[in-house]
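Structural features, examined
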Amino acid sequence: MLVNTLRIAFLLLYLVVAAQGIFYLFSASKAFSGISMDAYADIRNATDQVIEGRLKFVYPATLLTGLILVLSLVKAPGSAAFITTVIAFGCVVVDVLLAVKFNMPINARFHQYAPGVQGVDWESLRKTWLQFMEYRGGVQVVGFLALLAGIQPMK
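So, a few notes on the structure that sits alongside this text. (Residues numbered from 1 in each chain as written. Predicted model: local features only at pLDDT ≥ 70, side-chain atom pairs only at ≥ 80, totals over all residues. Heavy atoms only, no water.)

Let's talk about the overall build of the protein
Heads up, the condition is: Only DSSP runs of H or I reaching four residues or more are called helices, and only runs of E reaching two or more are called strands; each is numbered from the N terminus. The classification of residues rests on relative accessible area computed with a 1.4 Å probe and restricted to protein chains. Under 20% of the type maximum is buried, over 50% is exposed, and intermediate values are partly exposed. Residue contacts are counted whenever heavy atoms from the two residues lie within 4.5 Å of one another. Accessibility throughout is a Shrake-Rupley quantity obtained with a 1.4 Å probe, and a residue counts as covered only by protein chains that appear here. Just so you know, the count uses Lys and Arg for positive and Asp and Glu for negative, and it drops His and the chain ends. In plain terms, the charge of a residue is placed at NZ if it is Lys, CZ if Arg, CG if Asp and CD if Glu.
Tallying secondary structure elements over the protein gives four helices and zero strands in all. Helices and strands appear in the protein in the N-to-C order α-α-α-α. Taking the principal axes of the C-alpha coordinates as reference, the protein spans close to 60 × 25 × 20 Å. Counting the 155 residues in the protein, one finds 39% classified as buried. Within the protein, contacts between residues at least 6 apart in sequence are counted, and of these 82% link residues at least 24 apart. When the accessible area of the protein is evaluated, it comes to approximately 8700 Å², of which 70% is carbon and sulfur surface. Here the protein contributes 12 positive and 8 negative side-chain charges, whose respective centroids are spaced 14 Å apart.

Right under this line is the structure:
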């Protein structure tokens, strides 16, 4: 019963994580690359103010739930539930590593954006940020699909 509850919790938390990636994969990256830098910076900074606090809860909760679930399922290493959970957990770890290494430092730079500031290649930063959001989105989708593929009642 506890394992099934953990699986549902992990799936729901992962859904929140994957929704962000899906949004960037299917629309936001192209839309954000085609607007002015001032508009992009305003949108990024406004979005960060809203989502940053929420993601500070969702990501750790997803990682912790996933880790506990992997450890709970390790007794059945050949089961579909274990294999798909390990894949999803690995994907969320990769997502977090990419975010910490690439997206978060760029977010910090954009928090200091001011129109006309010289010496910073804002276009390149935007391109890199969007590129890594797409990479992360792909990783997130793979993990979420793995979780969906593993849905079956535990015996």
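Describing helix 3 (residues 80-110)
Residue pairs three or four apart in sequence face the same way in an α-helix, which turns once every 3.6 residues. Operational definition: Expected span of a helix: the number of residues minus one, times 1.5 Å. Consider a residue and the seven residues that end there alongside the seven that start there; fitting an axis to each set, the bend is the angle between those axes.
Counted at 1.5 Å a residue, the expected span for helix 3 with its 31 residues is 45 Å, and the 42 Å between its end C-alpha atoms agrees. Of all the bends in helix 3, the greatest, near 45 degrees, is centred on alanine 99.

Quick notes on the packing of helix 1 (residues 2-33) against helix 4 (residues 122-149)
The condition is simple: Whenever a helix is involved, its axis is fitted only over the stretch in contact; in every case the axis is a line through C-alpha atoms, and angles between N-to-C directions fall within 0 to 180 degrees. The hand of a helix crossing depends on one turn: near helix anticlockwise from the far one by less than a right angle means left-handed, and clockwise means right-handed. Gly counts as polar in this scheme, as do all residues outside two lists: the nonpolar Ala, Val, Leu, Ile, Met, Phe, Trp, Tyr, Cys and Pro, and the charged Asp, Glu, Lys and Arg.
Orientation of helix 1 relative to helix 4, taken along the N-to-C sense of each, is 145 degrees, at an axis distance of 8 Å. Between helix 1 and helix 4 lies a crossing of left-handed hand. Here the residues of the contact of helix 1 with helix 4 sort into 18 nonpolar, eight polar and three charged.

Brief notes about the side chain of serine 29
Threshold: Within 3.5 Å is the distance limit for a polar contact, defined as a pair of N or O atoms, with the added protein rule that one can donate a hydrogen and the other accept it, and that residues adjacent in sequence qualify only through two side-chain atoms.
Looking at the element boundaries, serine 29 is found in helix 1. Here the side chain of serine 29 touches glutamate 134 through a polar contact of 3.1 Å, side chain to side chain.

Some words on a nonpolar patch on the surface
Formally: Only residues whose relative accessible area exceeds 30% and that form no salt bridge enter a patch; like-charged residues are grouped when within 9 Å of one another, and nonpolar side chains (Val, Leu, Ile, Met, Phe, Trp, Tyr) when within 5 Å. Any Lys or Arg side-chain nitrogen located within 4 Å of an Asp or Glu carboxyl oxygen qualifies as a salt bridge.
The grouping of Ile8, Leu12 and Leu15 at the surface amounts to a nonpolar patch, some 290 Å² of accessible area in total. By the element assignment, leucine 12 lies in helix 1.

Brief notes about the side chain of asparagine 107
For asparagine 107, the position within the fold is in helix 3. At a separation of 2.7 Å, a polar atom in the side chain of asparagine 107 contacts the side chain of tryptophan 129. Discounting residues that sit within four places of it in the chain, asparagine 107 has contacts with Arg44, Asp48 and Trp129.

Examining the layout of surface pockets
With a probe scaled to a water molecule rolled over the atoms, the places where space remains empty come into view. Condition: In this analysis the probe radius is 1.4 Å and the grid spacing 1 Å, with only protein atoms considered; a cavity is a set of points the probe fits into but cannot get out of, a pocket is an open set with protein on both sides within 12 Å along at least five of seven lines, and lining residues have an atom within 4 Å of a point. Grid points are joined across faces, edges and corners, and a volume is the space filled by probe spheres set on the points.
Taken as a whole, the largest pocket spans an internal volume of roughly 590 Å³. Lining the largest pocket we find 26 residues, and of these Gln20, Ile51, Leu55, Tyr59 and Arg136 sit closest to its centre. Put simply, the parts of the chain that give the lining of the largest pocket at least two residues each are helix 1, helix 2 (37-73), helix 3 and helix 4. Element by element, the count of residues in the lining of the largest pocket is highest for helix 2, at twelve residues. Grouping the amino acids of the lining of the largest pocket by side-chain chemistry returns 16 nonpolar, four polar and six charged. At the level of secondary structure, the elements contributing two or more residues to the lining of the second largest pocket comprise helix 1 and helix 3. Per-element tally for the lining of the second largest pocket: the top contributor is helix 1, with five residues.

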